[in-house]
Amino acid sequence: MDPAVIKAREDRKKKKIEKQIRRLEKNARQLKPIEECEVPLGLLDEKKSRIRSLPALSTETLENRALLEKKWATYKKNQNLADIQMLDRIIFAQQKALDELRKESEELYQEAMQVDCRLLPYKTEGPLETPPIESYESPDGDYVDVSKKWE
Amino acid sequence: MTAVCLERKPVIVQELNKLESDYKNLLAEVEFERSLKSDHEVRHEKEIKQMEQLKKGGDVDVHLKQTAQESVDAWTEEASQFKFSSKITEADKQNDVKSLNRKLDKHLVLVVKQKVGKDSLYLLPQDLRQDGETLRQTAERVLKDACGSDVKAMIYGNAPFGFYKYKYPKHVRNENNSIGAKVFIYFARYQKGHLQSQNDYKWLDRAELEDILPPEYNKSVSQMLIDE
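Sequence order sets the numbering: in each chain, residues are counted from 1 along the sequence as written. As a convention, the first chain written is A and the first ligand written is 1, with the rest following in written order. In view of the model being predicted, local features appear only for residues whose pLDDT reaches at least 70, and side-chain atom pairs are presented and counted only at 80 or more, with totals across whole chains, interfaces and linings using the full set of residues. Only hydrogens and water are set aside; all other atoms, that is, all heavy atoms of the structure, feed into the side-chain values.

### Quick notes on the overall build of chain A
Using the following cut-off: Helix numbering and strand numbering both begin at the N terminus, where a helix is a DSSP run of H or I of at least 4 residues and a strand a DSSP run of E of at least 2. Based on C-alpha atoms, the radius of gyration is set beside the globule rule, defined as 2.2 Å times the residue count to the power 0.38. Here's how the labels work: a residue is buried when its accessible area is under 20% of the maximum for its type, exposed when over 50%, partly exposed in between, all with a 1.4 Å probe on protein chains only.
Looking only at helices and strands, chain A has four helices and zero strands in total. Mapped in sequence order, the helices and strands of chain A form the string α-α-α-α. In terms of overall size, chain A is more extended than a compact globule, its C-alpha atoms giving a radius of gyration of 33 Å where 151 residues would be expected to give roughly 15 Å. Here the C-alpha coordinates of chain A stretch approximately 85 × 75 × 40 Å along the principal axes. The buried share of chain A, taken over its 151 residues, is 12%.

Below is the structure:
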């Protein structure tokens with residue numbers, strides 16, 4: 001009797017734990033709301049009071065705006081084309097260098113073709129609006145994280 | 001021969017040209033027109049109405065709290081007191097070609113004065129490859145020799161980026177039994193560090209590079225660099 005009873009007890013415990021695991025997983029599978037992406041309900045009610053009443057735009061301004069948009073579109077297109085041509089030119093220059101290296105010595109060429117693992121991961125900060133102020137002491141502060149946690 | 005093109009990338013964004021700034025203003029206007037009023041604006045309007053009612057002698061609501069207008073004034077005051085550092089630095093005004101702080105919105109390339117044959121020219125730092133070294137190792141050595149060990153730079157990969165070929169003048173040809181030299185140019189990005197060099201060096205932007213480098217050399221170099 002004893003071993004059967006012990007076995008039965010262990011089986012029941014296992015089943016209980018498995019049920020709890022399944023419940024937790026179900027909770028994890030539910031999508032959690034992102035607060036920034038939802039419109040807060042209070043705003044929808046107040047929408048009428050918050051609409052701006054601005055004077056209507058004249059046809060002149062509308063025309064000017066349309067012209068400006070067209071100019072911008074052509075400008076950006078030309079910029080993009082120039083970028084692509086520049087990239088092509090740079091790649092061509094590198095390819096030419098590699099071809100010449102190959103003509104020089106096969107061994108150097110093979111070594112140059114090795115993948116350089118030190119390149120990635122790469123981190124850099126882009127250009128800013130103003131240069132960094134020299135010997136600037138940034139004021140101290142603390143971050144208090146008030147985001148909701150879903151478990 | 002291996003040469004290294006050490007370039008400092010821009011620290012500042014370039015000025016917007018007229019079309020770009022016009023379009024930026026247009027986008028800001030359109031966004032303003034399509035937006036709803038924020039909490040701050042609603043509060044501001046409410047307080048204006050309260051002030052008008054006070055003037056008419058209606059409510060006796062004393063405002064002990066700061067009004068929205070007062071907060072805005074305090075904030076603009078604080079903002080105007082903060083001094084950004086200027087985009088045109090000391091080095092720009094003196095046009096100090098050895099300094100890295102000049103022309104913060106352009107790419108600057110290092111050129112070193114080197115002896116080639118009889119004359120000394122301003123070129124990218126270069127050196128002969130020694131036996132047993134790969135091109136990449138030569139490039140690193142060239143960088144170290146030309147700039148001292150303080151400078152941190154990242155060489156972009158094992159492969160050369162550009163290439164220049166020149167023929168030796170006749171008397172040198174007979175001495176070395178070789179017709180000319182091929183220079184493989186590696187590209188390195190300057191990260192930080194102070195330059196220490198015995199020879200004369202300059203940090204130049206693209207237009208100045210065009211002036212100072214010999215024409216064919218400049219053609220090869222400018223082919224492998226980004227446009228300004």
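Next comes the rest of the description.
### With respect to the nonpolar core
The line we're drawing: Nonpolar cores were defined as sets of buried Ala, Val, Leu, Ile, Met, Phe, Trp, Tyr and Cys residues, with membership established by side-chain atoms within 4.5 Å. Note on definitions: a residue-residue contact is assigned when non-hydrogen atoms from the two residues lie within 4.5 Å.
In this structure, L101 of chain A together with L6, L110, C147, L195 and W203 of chain B are the most contacted members of the largest nonpolar core, which totals 28 residues. Those elements that place two or more of their residues in this core are α3 (59-104) and α4 (106-112) of chain A together with β1 (2-8), β2 (108-116), α5 (135-147), β7 (180-192) and β8 (201-204) of chain B. Apart from the residues lying within four places of it in its own chain, the contact partners of L110 of chain B are L6, L124, P125, C147, L195, Y201, K202 and W203 of chain B. One finds C5, L124, Y217 and M224 of chain B within the second-largest nonpolar core, a separate group that totals 26 residues.

### Comments concerning the UniProt feature "coiled-coil region" (unreviewed entry) in chain A
We apply this condition: UniProt positions are given in the numbering used here, feature names are shortened, and annotations may be inferred rather than shown by experiment.
What UniProt calls "coiled-coil region" (unreviewed entry) maps, in this numbering, to residues 91-118 of chain A. A distance of 21 Å separates the end C-alpha atoms of residues 91-118 of chain A, which is 75% helix and 0% strand.

### Considering the packing of α3 of chain A against helix α1 (residues 18-34) of chain B
How we decide: Fitting a line to C-alpha atoms yields each axis, with helices limited to the stretch in contact; the angle taken between N-to-C directions then spans 0 to 180 degrees. Oblique is the label for any angle not under 35 degrees, not over 145, and not in the 65 to 115 range, which are roughly parallel, roughly antiparallel and roughly perpendicular in turn. Crossing handedness follows the turn of the near helix against the far one: under a right angle anticlockwise gives a left-handed crossing, and clockwise gives a right-handed one. Note on residue classes: Ala, Val, Leu, Ile, Met, Phe, Trp, Tyr, Cys and Pro are nonpolar, Asp, Glu, Lys and Arg are charged, and everything else, Gly too, is polar.
Two elements in contact, α3 of chain A and α1 of chain B, have axes whose closest approach is 10 Å; the angle formed by their N-to-C orientations is 130°. Between α3 of chain A and α1 of chain B, the angle falls in the class oblique. Relative to α1 of chain B, the crossing made by α3 of chain A is left-handed. Residues R65, L68, E69, K71, W72, Y75 and Q79 of chain A of α3 of chain A lie in contact with α1 of chain B, whose contacting residues are L19, E20, D22, Y23, L26, E29, V30 and E33 of chain B. Split by residue class, the contact of α3 of chain A with α1 of chain B holds seven nonpolar, one polar and seven charged.

### Points about the pairing of strand β3 (residues 119-123) of chain B
Residues and elements named next belong to chain B. Cut-off, in case you're wondering: Only strands that DSSP links by at least two bridges are regarded as paired with each other.
Sheet analysis places β2 next to β3, joined by five bridges and oriented antiparallel. Looking at the pairing, V112 lines up with L123 of β3. The antiparallel pairing of β2 with β3 creates a hairpin that spans two residues between the two strands, and G117 there sits at a positive phi of about 70°.

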